[in-house]
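# Chains, contacts and geometry: an overview
Okay, here's what each chain looks like letter by letter:
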Amino acid sequence: MVLADLGRKLNAALSSLNRAPVVDEKVLDALLKEVCAALLESDVNVKLVAQLRQKVKTKVKAIFESSGDKTKEANRKNVIQKAIYDELVSLVDPGVEPYKPKKGHPNVIMAVGLQGNGKTTTCTKLAVHYQKRGFKSCIVCADTFRAGAFDQTRQSATKAKVAYFGSYTETDPVAIAAQGVSKFKKEKFDVIIVDTSGRHKQESELFQEMVQIGEAVQPDMTVLILDASIGQAAEAQSRAFKESANFGAIIVTKMDGHARGGGAISAVAATQTPIIFLGTGEHLTDLDRFSPQPFISKLLGLGDVQGLMEHMQDLATQNPDRQKEMAKKLEEGKLSIRDWREQIQNVMNLYVTSPKPLDALPKPNCILSGPISKIASMIPGLPQDLLQGSDEEGASRMKRMIYITDSMTSTELDSDGSLFMEFAKDGKPTALTWRVTRVARGSGTSVREVEELLCQYRMMANMAKQAGGKNGWLQTMQKMQ
Ligand code: GDP
């Protein structure tokens, strides 16, 4: 994800603050200069960046003045970091709650947007997203302008195993939309997604058609699909659409390919319309739910436990018994290397382009698309370099991790990793045991890679233990079931 670049720059700026022995105005100015340069490079509007700089300065100064010179340097750093975090969140927060589809109600979602922005692809991604969460979902193709639009819907909906409706003969998009929605309402579908045309001979005709379809199907939510590559021009485009089709939410697509994504997101927030998802690739599962706080946490490398839990929820619907068992282990802090491997593999399986699970595939064919940076950025504490490079590189690093565990014995897999360490009397690890060398040799990897894997496992296990406590992961998962 190109946004990872922005994240790295912001991270680098915040780490330079951590290294500063004294925190004064000069340090704050230098930090803000770096943060603002990173935002501008990502095409965030100059005015918004200037506002962020001013707000952080005012906030920090006020806190410093009220607490006097007694504030410790570490506290001062925290105040600055918190102020920057809060202002970054408000930069992408429109302050408006989007519509949430309800169970037991035919939720009609109408997608609008210019041709090529990724509307048809996103409609199928949306249907898959809701279907996975137990909503019976379908798509109505009301684009009669573009030749081949219905074929595209038919193909992607069939691939996604989602019901669809359209016509090769009917030329009136309003009639098709009305027929499709009424048919699916009768068939008790929960989420009915209406894909509309994205181009016309005249722009005014396009907007007129959107209004007519809207009147015919009475959507619960109209979603504007925007391409991230237009950067801050997203504001003008969304305002133009808003004048005709009063949409209630936005999905920004192609966030995987464009450095200007940060600009698009902040520009959209400025129009007080919530972004609900980000499109992050061409595959059906490349759709990330968007909400301001987790987005900024992830960007700054602080992890996204909420996102991770959502993925766990997806898995819970597929294999509830095993997930309950896992949740119990989490609560008791008994997550073994085998369990951890299973969790990572499960999450990876969600993104495997082939319908077969990872284990069922011969290893060279385990083609993973885009999952590594996604998963890694959700897990607090995972090293940033796991996110670096292309997805293929990330996938290959992750696959090597799985190969390493393949070379462990059953006893090692069922352990908490302590078998791989020698410990001093005070319980501190002092050296690696012969087992590490054996596993490295057996898996064709290096001792360093095995060591890194063990380190990541310990971080994951610690996080799981914390999340399993009161109001933690376990409780959340139980509430979800
Ligand atoms: P529409 O004309 O708005 O319906 O756009 P399409 O759904 O046909 O998409 C146009 C192109 O954008 C296709 O090649 C899609 O595969 C691609 N696309 C859509 N969403 C994304 C995304 O999030 N990331 C990437 N990289 N490509 C996307």
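Residues numbered from 1 in each chain as written. Predicted model: local features only at pLDDT ≥ 70, side-chain atom pairs only at ≥ 80, totals over all residues.

As annotated in an unreviewed UniProt entry, the chain is Signal recognition particle protein from Artomyces pyxidatus.

## Section: the overall build of the chain
As a reminder of what qualifies: Secondary structure elements are taken from DSSP: a helix is a run of H or I of four residues or more, a strand is a run of E of two residues or more, and numbering for both begins at the N terminus. Think of it as a crowd count around each C-beta: if 20 or more other C-beta atoms lie within 10 Å the residue is buried, if 12 or fewer it is exposed, and in between it is partly exposed, with C-beta placed from the backbone throughout. C-beta atoms are first placed from the backbone for all residues, and any pair lying within 7 Å is then listed as a contact.
Helices and strands together make up the secondary structure of the chain, namely 20 helices and ten strands. Of all 481 residues assigned to the chain, the portion counted as buried reaches 42%. A separation threshold of at least 6 residues defines the contact pool for the chain, and within that pool the share at least 24 residues apart is 72%.

## Section: helix α11 (residues 292-299)
Of all eight residues that make up α11, six are buried, and the element is covered over most of its length. When α11 is considered as a whole, its buried residues turn out to be Pro294, Phe295, Ile296, Ser297, Lys298 and Leu299.

## Observations concerning helix α18 (residues 434-443)
This is how the line gets drawn: Picture the helix axis, draw a direction to every C-beta atom, and the arc is the one those directions span.
Here α18 has its buried residues at Val436, Val439, Ala440 and Ser443. On an axial view of α18, the arc spanned by its buried residues comes to 100°, and they lie on one face. Two residues or fewer past α18, glycine 444 is found with a positive phi of approximately 70°.

## Comments concerning the site of the ligand
Basically, it comes down to this: Using a C-beta atom placed from the backbone, a residue is described as near a molecule or strand when that atom lies within 6 Å of it. Each residue gets one of three labels, nonpolar for Ala, Val, Leu, Ile, Met, Phe, Trp, Tyr, Cys and Pro, charged for Asp, Glu, Lys and Arg, and polar for the others, Gly among them.
In the region of the ligand, 18 residues are neighbours, and Gly118, Lys119, Thr120, Thr121 and Gly279 sit closest. Looking at the shell around the ligand element by element, the count peaks at three residues for helix α5 (residues 119-132). Class assignment for the residues of the shell around the ligand results in no nonpolar, 13 polar and five charged.

## A few points about unusual backbone geometry
Even without a glycine there, the phi angle at lysine 254 is positive, about 60°. Within the secondary structure, lysine 254 is located in the loop between β6 (249-253) and α10 (261-269). In this model, glutamine 272 sits at a positive phi of 55°, which is unusual for a non-glycine residue. With respect to the helices, strands and loops of the structure, glutamine 272 is situated in the loop between α10 and β7 (275-279). Residue classification places glutamine 272 among the exposed residues on the basis of 11 C-beta atoms within 10 Å.

## Description of the environment of lysine 57
The residue lysine 57 is located in helix α3 (residues 46-67) in this model. Among the residues examined, lysine 57 registers 16 C-beta atoms within 10 Å and is labelled partly exposed. As a C-alpha pair, lysine 57 and glutamate 25 span 32 residues in sequence and 9.0 Å in three-dimensional space. The contacts of lysine 57, once residues within four sequence positions are left out, are Leu28 and Leu32.

## Some thoughts on the nonpolar core
For the record, the criterion: By our criterion, buried Ala, Val, Leu, Ile, Met, Phe, Trp, Tyr and Cys residues that link up through C-beta atoms within 7 Å make up a nonpolar core. Where each domain starts and ends follows an automatic or database-derived domain assignment.
By size, the foremost hydrophobic cluster in this structure holds 85 residues, and its most contacted members are Val194 and Val252. Among the elements that take part in this core, helix α2 (residues 25-41) stands out by supplying six residues, more than any other. Shared between two domains, this core holds at least three residues of each, these being domain 1 (3-91) and domain 2 (107-299). Look past the residues within four positions of valine 194 in its chain and what remains in contact with it is Val108, Met110, Ala111, Val140, Ala142, Ala177, Val181, Ile213, Val217 and Pro219. Of all hydrophobic cores here, the second largest spans 15 residues; its members include Val436, Ala440, Leu453 and Ala461.

## Considerations on the environment of glycine 279
Of note, glycine 279 is situated in strand β7. The class for glycine 279 is buried, based on 25 C-beta atoms found within 10 Å. Along the backbone, glycine 279 and glycine 118 are 161 residues apart, and their C-alpha atoms lie at a distance of 8.5 Å. Aside from chain neighbours lying at most four places away, what touches glycine 279 is Gly118, Thr122, Lys125, Ile251, Val252, Thr253, Lys254, Met255, Asp286 and Leu287.

## Looking at the environment of glycine 166
Take glycine 166: it is sitting in the loop between β3 (163-165) and α7 (173-186). The spacing of glycine 166 and alanine 149 is 17 residues in sequence and 9.5 Å in space, taken between C-alpha atoms. If near-sequence neighbours (up to four positions away) are discounted, glycine 166 is found in contact with Cys141, Phe150, Thr153, Arg154 and Ile176.

## Some points on the pairing of strand β4 (residues 191-196)
Two faces make up the sheet, and in a regular strand the side chains alternate between them. Filter applied, for reference: Strands are labelled as partners when DSSP assigns at least two bridges between them.
When you tally the buried positions in β4, you get six out of six residues, the bulk of the element. Of the two faces of β4, the one holding Val191, Ile193 and Asp195 and the one holding Ile192, Val194 and Thr196 are both buried throughout. Pairing of strand β1 (residues 107-112) with β4, which is carried by five bridges, proceeds in the parallel orientation. Looking across to β4, one finds that isoleucine 109 is bridged to isoleucine 193. As judged from the six bridges shared by strand β2 (residues 137-142) and β4, these two strands associate in the parallel manner.

## Section: the sheet that holds β1
Let me state the cut-off plainly: Each axis is a line fitted through C-alpha atoms, taken for helices only over the stretch in contact, and angles between the N-to-C directions span 0 to 180 degrees.
Spatial strand order, β3-β2-β4-β1-β5-β6-β7-β8: eight strands in an open sheet with mixed pairing. Each of the sheet's edge strands pairs with one partner strand only, and the pair in question is β3 and β8 (287-289). Geometrically, the sheet is characterised by an average inter-axis angle of 25° between neighbouring strands, direction not taken into account. Across the sheet, helix α6 (residues 149-160) is in contact with β2, β3 and β4; its angle to β2 comes to roughly 165°.

## Points about the packing of helix α9 (residues 234-244) against α10
Note the cut-off: Here roughly perpendicular refers to angles of 65 to 115 degrees, roughly parallel to angles under 35, roughly antiparallel to angles over 145, and oblique to all remaining angles. Crossings are classed by handedness, with left-handed meaning an anticlockwise turn of the near helix from the far one by less than a right angle and right-handed meaning a clockwise turn.
Where α9 meets α10, the closest approach of the two axes is 8 Å, and the angle between their N-to-C directions is 40°. The orientation of α9 with respect to α10, classified from their angle, is oblique. Pair α9 / α10 crosses with right-handed handedness. Residue-level inspection shows Ala234, Glu235 and Ser238 of α9 in contact with α10, the latter providing Ala264, Ala267 and Val268. When grouped by side-chain class, the residues that make up the contact of α9 with α10 number four nonpolar, one polar and one charged.

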